[in-house]
Structures are given as C-alpha cells and as structure tokens.
Amino acid sequence: FPEALAYAALARERQGKDGGPWMRQALTLGVNVPQVQFVHGLQRRAAGEYEASRDAFIQAVRLDPNNPAYFSELGTAYHLLFDYERAQRWLRMAVQISDDDPRFQERLAVFYAQEGYHLPAVDVEYLRQTADSIPPDPDLLAGLAWALYTTGDDNRALAQLDVALDLMPDHAQALYYKAQILLARGDLAARPLVERLARQPSPHTDWAESALLT
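This section reports on the structure supplied with the text. (Residues numbered from 1 in each chain as written. Predicted model: local features only at pLDDT ≥ 70, side-chain atom pairs only at ≥ 80, totals over all residues. Heavy atoms only, no water.)

## Let's talk about the overall build of the protein chain
Line of reasoning, step 1. Along its length, the protein chain carries 13 helices and zero strands.
Line of reasoning, step 2. Element order for the protein chain, N to C, with α for helix and β for strand: α-α-α-α-α-α-α-α-α-α-α-α-α.
Line of reasoning, step 3. Relative to a compact globule of 214 residues, whose C-alpha radius of gyration would be 17 Å, the protein chain shows 21 Å and is clearly more extended.
Line of reasoning, step 4. Each of the 214 residues in the protein chain was classed as buried or not, and the buried ones make up 48%.
Line of reasoning, step 5. Partitioning the contacts of the protein chain with sequence separation of at least 6, the portion at a separation of at least 24 is 48%.
Line of reasoning, step 6. For the protein chain, the exposed area adds up to about 11000 Å²; of that, 50% sits on carbon and sulfur atoms. (Helix = DSSP H or I, 4+ residues; strand = E, 2+ residues; numbered from the N terminus. Rg over C-alpha atoms; globule rule 2.2 N^0.38 Å. Buried < 20%, exposed > 50% of the residue type's maximum accessible area, 1.4 Å probe, protein only. Contact = heavy atoms within 4.5 Å. Areas by Shrake-Rupley, 256 points an atom, 1.4 Å probe, with all protein chains shown as cover.)

## Quick notes on helix α2 (residues 20-30)
Line of reasoning, step 1. Listed as buried for α2 are Gly-20, Met-23, Ala-26, Leu-27 and Gly-30. The buried residues of α2 occupy an angular sector of 125° when projected down its axis, which confines them to one face. Among the exposed residues of α2, those pointing more than 90 degrees away from its buried face are Arg-24, Thr-28 and Leu-29.
Line of reasoning, step 2. As for α2, its buried residues are in contact with α1 (2-14) and α3 (34-46). (Arc of directions from axis to C-beta.)

## Topic: the packing of α2 against α3
Line of reasoning, step 1. The contact between α2 and α3 brings their axes to 10 Å, and the two run at 160°. When the interaxial angle is binned, α2 and α3 end up roughly antiparallel. Classified by chirality, the crossing of α3 by α2 is left-handed. Contact with α2, carried on its side by Gly-20, Met-23, Ala-26, Leu-27 and Gly-30, involves Val-36, Gln-37, Val-39, His-40 and Gln-43 of α3 and no other residues of that element.
Line of reasoning, step 2. Residue composition of the contact of α2 with α3, by class: five nonpolar, five polar and no charged. (Axes fitted to C-alpha atoms, helices over the stretch in contact; angles between N-to-C directions. Parallel < 35°, antiparallel > 145°, perpendicular 65-115°, else oblique. Left-handed = near helix turned anticlockwise from the far one by under 90°. Nonpolar A, V, L, I, M, F, W, Y, C, P; charged D, E, K, R; others polar.)

## With respect to a nonpolar patch on the surface
Line of reasoning, step 1. Among the surface-exposed residues, Val-163, Leu-167 and Met-168 lie close enough to one another that they form a single nonpolar patch of about 250 Å² accessible area.
Line of reasoning, step 2. Using a relative accessible area of 39% as the deciding quantity, one classes Met-168 as partly exposed. (Patch = residues over 30% accessible without salt bridge, like charges linked within 9 Å, V, L, I, M, F, W, Y side chains within 5 Å. Salt bridge = Lys/Arg side-chain N within 4 Å of Asp/Glu carboxyl O.)

## Overview of the environment of Pro-169
Line of reasoning, step 1. As for its position among the elements, Pro-169 is in the loop between α10 (154-167) and α11 (172-185).
Line of reasoning, step 2. The exposure class of Pro-169 is partly exposed, given its relative accessible area of 45%.
Line of reasoning, step 3. With residues up to four places along the chain from it excluded, the contact list for Pro-169 reads Leu-175 and Arg-196.

## A few points about the packing of aromatic side chains
Line of reasoning, step 1. In the structure shown here, the tally under the stated rule is eight aromatic pairs.
Line of reasoning, step 2. When the centroid spacing of 4.5 Å and the interplanar angle of 15° are considered together, the rings of Trp-146 and Tyr-177 count as stacked. On the criterion of sequence distance, the pair formed by Trp-146 in helix α9 (residues 138-150) and Tyr-177 in helix α11 is long-range, its members being 31 residues apart.
Line of reasoning, step 3. Since its relative accessible area comes to 12%, Tyr-177 is described here as buried.
Line of reasoning, step 4. Ring-pair connections join several aromatic residues into one group, and the members of that group are Trp-146, Tyr-149, Tyr-176, Tyr-177 and Trp-207. (Phe/Tyr/Trp six-rings, centres within 6.5 Å; stacked < 30°, edge-to-face > 60°.)

## Focus on the pattern of salt bridges
Line of reasoning, step 1. Under the definition given, this model contains 12 salt bridges.
Line of reasoning, step 2. In this structure, Arg-45 engages Glu-73 in a salt bridge whose closest nitrogen and oxygen atoms are separated by 2.7 Å. Placement of Arg-45 in helix α3 and of Glu-73 in helix α5 (residues 68-80) is noted, with a sequence separation of 28 residues between them. Here Arg-45 and Glu-73 have matching classes, each one buried.
Line of reasoning, step 3. With a shortest N-O distance of 3.0 Å, Glu-73 and Arg-107 are connected by a salt bridge. Residue Glu-73 is located in helix α5, and its partner Arg-107 is located in helix α7 (residues 102-115); the two are separated by 34 residues in the primary sequence.
Line of reasoning, step 4. Connected through salt bridges with shared partners, the residues Glu-13, Arg-44 and Glu-49 form a single ionic network.

Remember, this is a structural readout, not a statement about activity or role.
Written out as structure tokens, the structure reads:
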C-alpha cells in the first residue's frame, strides 16, 4: 500500500519526525502512482525542501494530468520558489481543468492578491474577475488593489482599497496604497490618509511623517 506509506511519511514530517524511510519505501513500491508523488510533494514541502517538492508535483501532474489538485499544488510549489509566472500558469490550469471549481478560483485569487504586482504580464481582465473570489480579508484586498494599480486600473484599485478599509479602517497597508495612488493623481484627499498613517505604528510611519513635511 504505497499510498498509505506516503501519508504516514507526511504525518510524521508534520509531527517533527523523520518521514524519510516511510517515503522512500512508498516510492520504491509506487514511484508511478500519482497520489504517492503528490503526497511526496507535500512531505518535501513540509520539510522545507521546495525544489524537491516541485519535482514531485511535476511527476504527479505527468502521471495524472486530469487532477486539478495536482496542478494547483504545482502552482504553489513555483510560488514558494518565487517563480511567479509559472505559478500563475499552473494555478490557472487548475481552474481550467476543474471547470472553474470555486476552491481553485479562490486559490488563484489569493495568489493574485499576494503576488500580482510581481507579474510582468498579467491578464488584466482575469485579474479583475478574481476580485469576486477573494475572501473578505483586508490584507488580500489591499494586495489585489495594488496589483490592479500596477496594471493601470486605478479606479478598481481604489474600490478594493475602500472595501479593505471598510473592514479595517486603520489597516496600514491599505492606507499606504490608497495614499500612494491619490498622491500620484495629485489628489488632496491623500493628506488625511498620510496623517492617519503618521499617527499609528507601522512599517509606513516614517514614510508618512516624511511625506507630511514635503
């Protein structure tokens, strides 16, 4: 039962124990079993071995190209290796082959919210559509807003930031992003946001204090 051995290895790894012998046995018995390679990827990720984890998920996808979970985890593997373009590609493939399963849509939306601004060429319309899949989390909404802003969509970015600030009025990152966008527009409405940032401790406090002096 190579799958059972693989899951035992993963469980041991998550308990801080060595799951290596269990996984080696699982791979000996089931190297061509896609679920074994999938769990191998999770186990290597739990051990912090991100390149080995990626390689295992590549094998899982090769062995079973119809399982969206394998594509999604491969996308996450590339994300952890800071290869954002490949991460985007595989996360979108997961959505596609799952027939737009909401679970994979949300995972892609969270990726865009966290890393969209890293992407040199992002599908702008696809990025806009992900807004409906974002959980009501101000960190994610602020990240998505900045990704939208970097694609030139100021208005949608400001709308997302307003939602984030409705959820958490003193959210420092959302205040900072909104202030930056308004300042770039020459909009005087930026000043109250900068003043709020200057009054609260955050990574942007020094920037806000300096901005008030200019």
